[in-house]
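# Survey of secondary and tertiary structure
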Amino acid sequence: MSTPMPRPGQHLPGPPTTVDPDRIHAEVDGLLARLDSVGPADDDANGHGRIPAQAHLLEQAHEVLVHALATVDKI
């Protein structure tokens, strides 16, 4: 007789976690759409203020994707 194999994340407390791909797409698309609207800082004529602001938006999009992958890994 075979023993059932536990599924990843089955040991975690609480209700099972789900991932909504449409929500993930919408959230990442929203962050990426804001990249072009980021303007340079008022005191920076060369646009160097724009790069850190865009990097922050890309980091946020990355975090959304990492969180989604971690959630899927637990399912």
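Residues numbered from 1 in each chain as written. Predicted model: local features only at pLDDT ≥ 70, side-chain atom pairs only at ≥ 80, totals over all residues. Heavy atoms only, no water.

### Some points on the overall build of the protein
Formally: In DSSP terms, a helix is any run of H or I states spanning at least four residues, a strand is any run of E spanning at least two, and both are numbered starting from the N terminus. Accessible area is worked out with a 1.4 Å probe on protein chains only. A residue is then buried under 20% of its type maximum, exposed over 50%, and partly exposed in between. Whether two residues touch is decided by their heavy atoms; if any such pair falls within 4.5 Å, the residues are in contact. Surface accessibility in these figures is a Shrake-Rupley result with a 1.4 Å probe; residues are shielded only by whichever protein chains are displayed.
Scanning the protein from terminus to terminus reveals two helices and zero strands. Residues counted as buried form 16% of the 75 residues belonging to the protein. For the protein, the proportion of contacts with a sequence separation of at least 24, taken over those separated by at least 6, is 64%. Surface summary for the protein: the accessible area is close to 6200 Å², and the carbon and sulfur share equals 59%.

### Quick notes on helix 1 (residues 21-33)
Counted only if it meets this: The span expected for a helix works out to 1.5 Å for each residue beyond the first. Of all possible arcs, the one meant is that of the directions from the helix axis to the C-beta atoms.
An ideal rise of 1.5 Å per residue puts 18 Å on 13 residues; helix 1 measures up with 18 Å between its terminal C-alpha atoms. Looking at helix 1, one finds that the buried residues are Ile24, Val28 and Leu31. Buried residues along helix 1 cover an arc of 60 degrees about the axis, so they all sit on one side. Set apart from the buried face of helix 1 by more than 90 degrees, the exposed residues are Asp22, His25 and Ala33.

### Some thoughts on the pattern of salt bridges
As a reminder of what qualifies: Any Lys or Arg side-chain nitrogen located within 4 Å of an Asp or Glu carboxyl oxygen qualifies as a salt bridge.
Enumeration over the complete set of coordinates arrives at one salt bridge. The residue Arg23 makes a salt bridge to Glu27 at a minimum N-O spacing of 2.8 Å. Of this pair, Arg23 and Glu27 are both found in helix 1, four residues apart, which corresponds to roughly one turn of the helix.

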